[in-house]
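Chain residues, written in single-letter form:
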Amino acid sequence: MRLGLALGYWGRGPSPDHVPLAQEAERLGYHSVWTAESWGSDVFTPLTWIAARTSTIKLGTAVAQMAARSPTTTAMHALTLDHLSGGRVMLGLGLSGPQVVEGWYGRPFPKSPLTATREYVEVVRQVLRREAPVASEGRFHPLPYRGPDGTGLGKALKPITHPLRPDLPILLGAEGPKNVAQTTRIADGWLPLYWSPTRPEVYEASLADAPEKFLIAPMAQVRVCDDVTEGLLPVKTMLGFYIGGMGHAARNFHADLMARMGYEEEARRIQRLFLEGRREEAVLAVPDAFADEISLVGPRERIAERLELWRKGPVTDLLALAPDPHSMRLLAELNG
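In this text, all values refer to a predicted model and were calculated from it rather than measured experimentally.

Caption draft 1: Helix H3 (residues 71-85), seen in detail. Compared with the 21 Å implied by 1.5 Å per residue over 15 residues, the 21 Å span of H3 between its first and last C-alpha is a close match. For H3, the full list of buried residues reads Pro-71, Thr-74, Ala-75, Ala-78, Leu-79, Leu-81, Asp-82 and Ser-85. For H3, the arc enclosing every buried residue in end-on projection is 170 degrees, short of the 170-degree limit, so these residues lie on one face. Exposed residues pointing more than 90 degrees away from the buried face of H3 are listed as Met-76 and Leu-84. Considering only its buried residues, H3 is in contact with helix H2 (44-51), strand S3 (58-61), strand S5 (89-94) and helix H5 (113-129). Just past H3, the residue Gly-86 takes up positive phi, approximately 75 degrees.

Here it is in structure tokens:
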């Protein structure tokens, strides 16, 4: 199992720790470093900044939101950074949810998310292969555009720049069972938001047809500390925000995922409290058991024991979510 460093997206402003953490991860032998985006900092610019200050560590997007860019634009970003970094890019993509897609990007959330995702990935792959002018008869990403409000002058084009790698890895941040199953067919890997090494049955059916070299790269908060309950508070804060606030009461993919993982009653309670403005109560309502099973928190011996559960399963890459340097070093040591 390889290690990655997940830096997430910025809060109020850029973190001065991200470049030093990425450099330390590279020194420790971490395989990859990953950035993210929501509705603030973008995913590619910080990764380019990190690329200029590192030399070997792989550079991943977890995730680049599909609604933020047309598939050809995303492919341009990926092939450009791949050239500048010497072939280090791993392109993670995700749909996000209706509130972000429609509220921030001003686009309709696709009524057929699986079809939209499949079309998007196919266009990106066409650009990277550069075998012919890029064309798609797709419902969501038609190229050239032939809509009634167009000029009718659109022309299928090949990228001017020759991509460095036609097989640049594409991973998807899928959550629903059907979306995960499709990911095994159209992508090189999967970026689970939550992964529990003690509940393999949650995704067993969806992953049944995954090819041999398929990547499974979940994020997990890693924190070395003496007090497990206190160490879990940042995990619970993150879960309270995602399960309670990152979605509508009637359509929240993160809450639905928590429910499928055996915590349906708790997920709905967190949602209700968060939407009522009782955010602190929502965080405290996150069960310690759930926060614990999707993270690595506690003293060295406890983390070592629980890490073995992750290593025994199908996970190929463990992406440690923004740990401190001490936790990063311990994780590298324990992982061998």
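Caption draft 2: The side chain of Asn-335, seen in detail. Mapped onto the elements of the fold, Asn-335 is located in helix H13 (residues 325-335). When its relative accessible area of 13% is taken as the criterion, Asn-335 is described as buried. Beyond its immediate sequence surroundings of up to four residues, Asn-335 is in contact with Met-1, Leu-3, Leu-307 and Arg-311.

Caption draft 3: Quick peek at H5. For H5, with 17 residues, the first-to-last C-alpha span of 24 Å sits near the 24 Å given by 1.5 Å per residue. For H5, the buried fraction is high: twelve of the 17 residues fall into the buried class. Three or more residues of H5 are buried, namely Pro-113, Ala-116, Thr-117, Glu-119, Tyr-120, Val-121, Val-123, Val-124, Arg-125, Gln-126, Val-127 and Leu-128. Turning to H5, the residues buried within the fold contact H3, S5, strand S6 (170-172) and helix H6 (177-186). Once H5 finishes, Arg-130 follows within two positions and takes phi at roughly 50 degrees, a positive value.

Caption draft 4: Geometry of the pairing of strand S9 (residues 219-224). Bridge analysis of S9 against strand S11 (residues 317-321) gives three bridges, and the strand direction is parallel. Bridging from a neighbouring strand, Gln-221 pairs with Leu-321 of S11. By the bridge criterion, three bridges tie S9 to strand S10 (residues 296-298) in an arrangement that is parallel. Of the residues in S10, the one forming a bridge with Val-222 is Leu-296.

Caption draft 5: Molecular detail of the pairing of S11. Burial runs high along S11: four of the five residues are buried. Here five bridges tie strand S1 (residues 2-8) to S11, and the two strands are oriented parallel to one another. Looking across to S11, one finds that Gly-4 is bridged to Leu-319.

What counts and how
- Residues numbered from 1 in each chain as written.
- Predicted model: local features only at pLDDT ≥ 70, side-chain atom pairs only at ≥ 80, totals over all residues.
- Heavy atoms only, no water.
- Helix = DSSP H or I, 4+ residues; strand = E, 2+ residues; numbered from the N terminus.
- Expected span 1.5 Å × (residues − 1).
- Buried < 20%, exposed > 50% of the residue type's maximum accessible area, 1.4 Å probe, protein only.
- Arc of directions from axis to C-beta.
- Contact = heavy atoms within 4.5 Å.
- Pairing = 2+ DSSP bridges.

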